[in-house]
Amino acid sequence: MAEKISVIIVSQNDRLRELIGMFLNEYENEFNIIDGVSLSSDFNYLIDKNDRAIFFIESTDDSTEYIKNIYDNFSNSKIVIIKENPDVTFIVNAIKAGAKEILGYPIIKSEFTAILEKIKLQFSGEYKNQDKCKMITVFSNKGGIGKTSIASNLAYELAQTTKENVALIDLNFQFGDITAFMDLQPSFDISYMFDNLNLLNNDFLLSTMEKYKDTSLYVLADSPYFKPSKKITTKQVTKFFEALKKCFSYIVVDTDNTFDEKTITTLDLSDIIFLVTIVNLPALRNCQRCLGLFEKLGYDSKKTQILINRYMENDEITAPDVENLLKKKVYWKVPNNYFALMASINKGILVTENNPTSNVAESYKGLALQVSDSVFRNNLIKKFSPEDGRRVNKILEI
Ligand SMILES: Nc1ncnc2c1ncn2[C@@H]1O[C@H](COP(=O)(O)OP(=O)(O)O)[C@@H](O)[C@H]1O
Ligand SMILES: [Mg+2]
């Protein structure tokens, strides 16, 4: 049996603690309830920092620092805030600090149960965002620019942050690098999937794609051995991603440098395209061309986002220069760190695993949070009137 999930109730309110205890008692033996703690308790004595835990915190307007502290110290925990009539600003600040859910007070049992069930599924890795899958394609029409580094680390961090199922797809059928970056020898490769499109359902995908270590990341790449490439049609690519979208909360696609039929169909189907560039004139000119092409393809300007790789603050060309040239905001900058990248590539593990405190790893983590925040934001907005929804949108603007 899976280990019990610790539940820590931080509240001075006896009735509230009693009520939560009662609700939890209906789940025989699934939870280890830790009661009688106060705001000043040191939780390190009660649980291990890696334990799966749920914190229910009855909160005041100025609890943001407190929430952030717990979020930073207990990476496997989920924080649920309980507050009477929370307003929009409070909710946004709490979520930014690390809270996963907000419960109104007095607690409604059905809301409490829904949140608990969702967290249980997240802990077991079976949670699938009901709303929509977000498909992110990392593209550039130049090689060696950082697409594979970004796609693989972003996918890994998305899985770690959200605990939801994430698919990482290497669309480069012939010379893909993902297997090398992550030291994988997949038993089933992407060509196999395209030959068996009629079989693709959730069970099939989850059992044939390569689960990465003990995370919720599933990888699909071609075998490390060279194979002659086959022609893939728009219809096949569409069917393939439609099946994946039903199964995963996020799909991250690594591409090669060509604008062929399979890449364009993939770009069409994506919710976000990260157009990767480095800061030099030839690369930026290429980027301009791609933006022009995306416009011709009718993509919304929000769909295409600029991502600068290997950024150096003291570079001759700065991020504002790039924005002026491309007439578009830069979405994210990944710093230059040759040694961290090379050390991890040579070991066949991701930078975020090999050197999690390096500036590049922090940057990939931030990017994953930003991308996952948008899903959060969409869910959040639905709970508000259109006017408040717009406010939330503005505060969390990306
Ligand atoms: N942020 C970075 N800082 C320094 N070197 C990087 C960075 N990102 C990628 N690289 C290096 O650039 C090279 C190409 O990266 P890769 O991800 O394979 O690019 P692509 O997939 O676009 O061909 C690799 O050797 C990698 O180590
Ligand atoms: Mg690559």
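Overview of the structure. (Residues numbered from 1 in each chain as written. Chains lettered and ligands numbered in written order. Predicted model: local features only at pLDDT ≥ 70, side-chain atom pairs only at ≥ 80, totals over all residues. Heavy atoms only, no water.)

So, the overall build of the protein chain
Scanning the protein chain from terminus to terminus reveals 16 helices and 13 strands. The C-alpha atoms of the protein chain give 22 Å as radius of gyration, which agrees with the globular expectation for 398 residues (21 Å, within 12%). Over its C-alpha atoms, taken along the principal directions, the protein chain stretches across nearly 65 × 45 × 40 Å. Taken across its 398 residues, the protein chain has 51% of its residues classed as buried. Residue pairs at least 24 apart in sequence account for 74% of intrachain contacts in the protein chain once pairs closer than 6 positions are excluded. On the protein chain, roughly 19,200 Å² of surface is accessible, and the fraction owed to carbon and sulfur atoms is 49%. Counting 47 positive and 53 negative side-chain charges, the protein chain places the averaged centre of each group 6 Å from the other. (Helix = DSSP H or I, 4+ residues; strand = E, 2+ residues; numbered from the N terminus. Rg over C-alpha atoms; globule rule 2.2 N^0.38 Å. Buried < 20%, exposed > 50% of the residue type's maximum accessible area, 1.4 Å probe, protein only. Contact = heavy atoms within 4.5 Å. Areas by Shrake-Rupley, 256 points an atom, 1.4 Å probe, with all protein chains shown as cover. Lys, Arg positive; Asp, Glu negative; His and termini not counted. Charge placed at Lys NZ, Arg CZ, Asp CG, Glu CD.)

Quick look at the sheet that holds strand β4 (residues 77-83)
Read from one edge to the other, the open sheet built from 5 strands follows the order β2-β1-β3-β4-β5, with strand pairing classed as parallel. The sheet is open, and its two borders are formed by β2 (31-37) and β5 (101-104), each paired with just one other strand. Within the sheet, the average angular offset between the axes of one strand and its neighbour, ignoring direction, is 20°. As paired strands, β4 and β5 are joined by 4 bridges and run parallel to one another. Paired with K83 across the bridge in β5 is G104. Across the face of the sheet, helix α4 (residues 109-124) comes into contact with β1 (5-10), β2, β3 (53-58), β4 and β5 while running at roughly 160° to β5. (Pairing = 2+ DSSP bridges. Axes fitted to C-alpha atoms, helices over the stretch in contact; angles between N-to-C directions.)

Quick notes on a nonpolar patch on the surface
A contiguous nonpolar patch, built from F259, L293 and L297 and spanning about 200 Å² of accessible area, is present on the exposed surface. Position of L293 among the secondary structure elements: in helix α11 (residues 281-296). (Patch = residues over 30% accessible without salt bridge, like charges linked within 9 Å, V, L, I, M, F, W, Y side chains within 5 Å. Salt bridge = Lys/Arg side-chain N within 4 Å of Asp/Glu carboxyl O.)

Considerations on α11
In this model α11 runs 23 Å from its N-terminal to its C-terminal C-alpha over 16 residues, within 8% of the 22 Å that 1.5 Å per residue would give. The set of residues buried in α11 consists of A283, L284, N286, C287, C290, L291 and F294. Taken end-on, α11 shows its buried residues confined to a sector of 155°, consistent with a single buried face. Exposed residues on α11 whose side chains face more than 90 degrees from its buried face are P282, R289, E295 and K296. Next to the buried residues of α11 lie β6 (134-139), α10 (261-269), β11 (272-277), β12 (304-311) and α12 (319-326). Where α11 begins, the side chain of N280 points an oxygen toward the backbone nitrogen of A283, at a separation of 2.9 Å. G298 lies just past α11 and shows a positive phi near 85°. (Expected span 1.5 Å × (residues − 1). Arc of directions from axis to C-beta. Polar contact = N/O pair within 3.5 Å; in protein donor to acceptor, adjacent residues only side chain to side chain.)

Regarding the sheet that holds strand β7 (residues 166-170)
Across the sheet, 8 strands lie side by side as β8-β9-β7-β10-β6-β11-β12-β13; this open sheet has mixed pairing. Of all strands in the sheet, those bounded by a partner on one side alone are β8 (210-211) and β13 (330-335). Both β11 and β12 contribute to a ladder of 5 bridges, which runs parallel. Residue pairing for β12: F274 is matched across the bridge by Q305. Contacting β6, β7, β9 (217-220) and β10 (250-254), helix α9 (residues 234-247) crosses the sheet at an angle of about 140° to β10. Contacts from α10 reach β6, β10 and β11 within the one sheet, and its direction differs from that of β6 by about 135°.

Some points on the nonpolar core
Residues M182, L217 and V252 are the most contacted members of the largest nonpolar core, which totals 40 residues. Broken down by element, the residue count for this core peaks at 7 residues, all from helix α5 (residues 147-162). Counting residues in hydrophobic clusters, the runner-up holds 26 residues, among them M135, F204, L205 and I251. (Core = buried A, V, L, I, M, F, W, Y, C linked by side-chain atoms within 4.5 Å.)

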